[in-house]
Amino acid sequence: MISLSKSEDTRQLILDTAKKEFMEKGYNDASVRSIAKQAGLTTGAIFRYFADKESLFAALVSPVADHMLDLYRKGGERGFASLTDGHPENMWNISDEVISVLVEYIFANKDAFYLLISQSAGSAYESFVDQLIEEEEKQTYAFQQEMIRQGYSCRPLTLDEIHILFSAQYYAFFEIVRHKLEKDEALDRIHLIADFFGSAWKLYFA
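Residues numbered from 1 in each chain as written. Predicted model: local features only at pLDDT ≥ 70, side-chain atom pairs only at ≥ 80, totals over all residues. Heavy atoms only, no water.

1. Here's the deal with the environment of Tyr105
Relative to the helices and strands, Tyr105 is located in helix α5 (residues 96-108). Along the sequence, Tyr105 and Met68 sit 37 residues apart, while their C-alpha atoms lie 9.6 Å from each other. Not counting chain neighbours up to four residues away, the residues in contact with Tyr105 comprise Pro63, Val64, His67, Met68 and Phe113. (Helix = DSSP H or I, 4+ residues; strand = E, 2+ residues; numbered from the N terminus. Contact = heavy atoms within 4.5 Å.)

Written as structure tokens, this is what we have:
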């Protein structure tokens, strides 16, 4: 009977080896057979821990993907609070503290982010950035409609227009992951994006 500690060690070996395979080849070109060979295991041994390649990839990226989506949903809730306070323009203010926390999280999980952003084609996670954009689209459109209902002055945007703007913003944002920028450079880049798009959003929602 395999001991618990040995079982955990084997599972971690599989994950470490799978991460290397996915990082180098991407999801589509990675194979369980190659992962098993590099780990010194049989494919059957891997399937005792993970049902298939998809579940292996998910084990590496799902905690980060789920956490980011949850952050964006909670961010939308805080945005609606700005309407209650009478300052809807505050929804577009991204503080230095928030930017720093976000960059720290990305760099603490940089391999998982790289897999999500650059190596996930063919997996269930290839639309990760689009999911974030969709979440922001829904929240922003609802925020806009609530502003209108409450009598705030704003320049209404359609869902398609909101989608275009957020796509530009978030694909620019995740360039820090695609190009593997150093942390200081990433901070500068996100400040640039936040200032640029924040000013533009306020033209419509202030």
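The structure having been displayed, the exposition proceeds.
2. Remarks on the packing of helix α8 (residues 159-173) against helix α10 (residues 183-205)
Where α8 meets α10, the closest approach of the two axes is 10 Å, and the angle between their N-to-C directions is 165°. When the interaxial angle is binned, α8 and α10 end up roughly antiparallel. Considering how the two elements wind past one another, α8 and α10 form a crossing that is right-handed. Along the contact surface, α8 presents Ile162, Leu165, Phe166, Ala168, Gln169, Ala172 and Phe173, while α10 presents Ile190, Ile193, Phe197 and Trp201. (Axes fitted to C-alpha atoms, helices over the stretch in contact; angles between N-to-C directions. Parallel < 35°, antiparallel > 145°, perpendicular 65-115°, else oblique. Left-handed = near helix turned anticlockwise from the far one by under 90°.)

3. Notes on the nonpolar core
Generally speaking, a soluble globular protein has its nonpolar side chains buried in company with each other. Grouped together as the largest cluster of nonpolar side chains are 58 residues, with contacts concentrated most on Phe22, Leu56, Met68, Phe113, Phe128, Phe174 and Val177. Element by element, the count of residues in this core is highest for helix α4 (residues 53-84), at 11 residues. If we ignore the near neighbours within four places in the chain, the residues touching Met68 are Leu102, Tyr105, Phe113, Phe128, Leu132 and Phe174. (Core = buried A, V, L, I, M, F, W, Y, C linked by side-chain atoms within 4.5 Å. Buried < 20%, exposed > 50% of the residue type's maximum accessible area, 1.4 Å probe, protein only.)

4. Brief notes about unusual backbone geometry
Of note in the backbone geometry, Lys180 takes a positive phi value of approximately 50° without being a glycine. Considering the arrangement of structural elements, one finds Lys180 in the loop between α9 (175-178) and α10. Since its relative accessible area comes to 55%, Lys180 is described here as exposed.

5. Quick notes on the UniProt feature "domain: HTH tetR-type" (unreviewed entry) in the chain
Mapped onto this structure's residue numbering, the UniProt feature "domain: HTH tetR-type" (unreviewed entry) falls at residues 8-68. Each end of residues 8-68 is marked by a C-alpha atom, and these two atoms are 27 Å apart; helix forms 84% of the span and strand 0%. (UniProt positions renumbered as here; feature names shortened; annotations may be inferred.)

6. Regarding the packing of aromatic side chains
Tallied over the entire structure, the rule returns 12 aromatic pairs. Relative to Tyr170, the ring of Phe166 has its centre 5.8 Å away and its plane inclined at 40°; by these criteria the two rings are tilted. Of the two residues, Phe166 and Tyr170 both sit in helix α8, 4 residues apart, roughly one turn of that helix. Its relative accessible area of 2% is what places Phe166 among the buried residues. Aromatic ring contacts, followed pair by pair, group Tyr105, Phe113, Phe128, Phe166, Tyr170, Phe173, Phe174 and Trp201 into a single cluster. The ring of Tyr27 has Lys53 sitting right over it, with the charged end atom 4.4 Å from the ring centre. (Phe/Tyr/Trp six-rings, centres within 6.5 Å; stacked < 30°, edge-to-face > 60°. Lys NZ or Arg CZ within 6 Å of the ring centre and 35° of its normal.)

7. Brief notes about the UniProt feature "DNA-binding region" (unreviewed entry) in the chain
Mapped onto the present numbering, the UniProt feature "DNA-binding region" (unreviewed entry) falls on residues 31-50. Helix makes up 65% of residues 31-50 and strand makes up 0%, while its end C-alpha atoms are separated by 13 Å.

8. Describing the environment of Tyr152
Within the secondary structure, Tyr152 sits in the loop between α7 (128-149) and α8. Separated by 30 residues in the primary sequence, Tyr152 and Glu182 have C-alpha atoms spaced 41 Å apart. What Tyr152 contacts, discounting residues up to four positions off in sequence, is Leu83, Gly86, Pro88 and Met147.

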